[in-house]
Amino acid sequence: MAFDIVKIRPQVWRLWDAEKSSFYLVEGAEKAALIDTGITPGSQILPMLRSLTDKPIELILTHAHIDHFHHMDEFDTVYMSHEEFKLGEETLRYMMAGKDLDLAATRHITTGDVIDLGGCALEICDVPGHTPGSVAVYDGRDQIIFTGDAIGSGCGVWMQLPGSSSLRDYEKTLLRFMGWLLEKGGDMDFWGGHCDQSWGSRQVPGFNPLSMGLLADLIDLTRRVYRGEITGEFVEMDPQLRNREARYAAWGRAEMLFDPDNL
Ligand SMILES: [Zn+2]
Ligand SMILES: [Zn+2]
């Protein structure tokens, strides 16, 4: 299997798999952290990571979706917000795609937690909405915020899934998240969980990169949708994805799929 590997900082790699999932390796002086795992069925990702670093590698999961945690069984130390348990046994099982992943053995993370790699401290911020326990990871050394799927990733955020929050609650999340980023100076690169994804993006041709501006537009969009100013358009989804009714809405650079029964 081939991975697309790009060094985006002297000690940060963006990894991209055949299923179009992006995950990230950050190396410090003492250890390294992998942020998400992508999904490469029937194979392992650790040999590829070992070609990049010889430091012990701990895994940080942005959320418990199939394309982000599939390879967690290759790691001894795994961090994940235990708010993800609210997704329920049946959904979490479905997300494991036949694997038996031990989510109870993960270490809970929440806003304010710091994972120190030696000369590089990764800070956690809760960004619930897409899932109840979605988190973002801030690398202050490199001024990068890794957002998983919490604010979308090139094609808009998916808020129509089982376990996604109401849009009113999501607005509060986004305001808190923006405040948290501004406290850190507000000048960072955003890297999401599907960094080339352009499926369904209508606002910007091709890939729509994440940014502080997009986050601000997403706050406006969320408000306009729950106030009924934007009603969106029905989108036919693959039934395998177990979506509830999905509608597409956009404002500025921001896009989302949402469930009209969960505003
Ligand atoms: Zn994803
Ligand atoms: Zn997801």
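This text goes with the structure placed above it.
Residues numbered from 1 in each chain as written. Chains lettered and ligands numbered in written order. Predicted model: local features only at pLDDT ≥ 70, side-chain atom pairs only at ≥ 80, totals over all residues. Heavy atoms only, no water.

(A) Spatial organisation of the coordination of the zinc ion (ligand 1). Asp67 (OD), His68 (NE2), Asp149 (OD) and His194 (NE2) make up the full set of protein donors to the zinc ion (ligand 1), lying at 2.1 to 2.3 Å. For the zinc ion (ligand 1), the four donor atoms are set out with angles of 84 to 158 degrees between them, so the coordination reads as irregular. Spacing between the donor residues of the zinc ion (ligand 1) along their common chain follows D-H-x80-D-x44-H. In this structure the zinc ion (ligand 2) is found 3.6 Å away from the zinc ion (ligand 1), and aspartate 149 serves as a bridging donor for the pair. Of this pair, aspartate 67 sits in helix H2 (residues 66-69) while aspartate 149 sits in the loop between strand S10 (144-148) and strand S11 (157-159), and the two are 82 residues apart along the sequence. This pair shows no difference in class: aspartate 67 is buried, exactly as aspartate 149 is. (Donors = N, O, S within 2.8 Å, 3.2 Å for Na, K, Ca; no water. Tetrahedral: all angles 85-135°; square planar, octahedral: opposite > 155°, others 65-115°. Helix = DSSP H or I, 4+ residues; strand = E, 2+ residues; numbered from the N terminus. Buried < 20%, exposed > 50% of the residue type's maximum accessible area, 1.4 Å probe, protein only.)

(B) Inspection of the sheet that holds strand S1 (residues 4-9) at higher detail. The strand order across the open sheet built from six strands is S1-S2-S3-S4-S5-S6, with neighbouring strands paired in mixed fashion. Each end of this open sheet is capped by a strand with a single partner; those strands are S1 and strand S6 (78-79). When strand S5 (residues 57-60) meets S6, the two strands line up parallel, connected through two bridges. Counterpart to leucine 59 in the pairing with S6 is valine 78. (Pairing = 2+ DSSP bridges.)

(C) Summary view of helix H4 (residues 167-183). The first and last C-alpha atoms of H4 sit 24 Å apart over 17 residues, in line with the 24 Å expected at 1.5 Å per residue. Three or more residues of H4 are buried, namely Leu167, Tyr170, Glu171, Thr173, Leu174, Phe177, Met178, Trp180 and Leu181. The positive-phi residue at the C-terminal boundary of H4 is glycine 185, with phi of around 110 degrees. (Expected span 1.5 Å × (residues − 1).)

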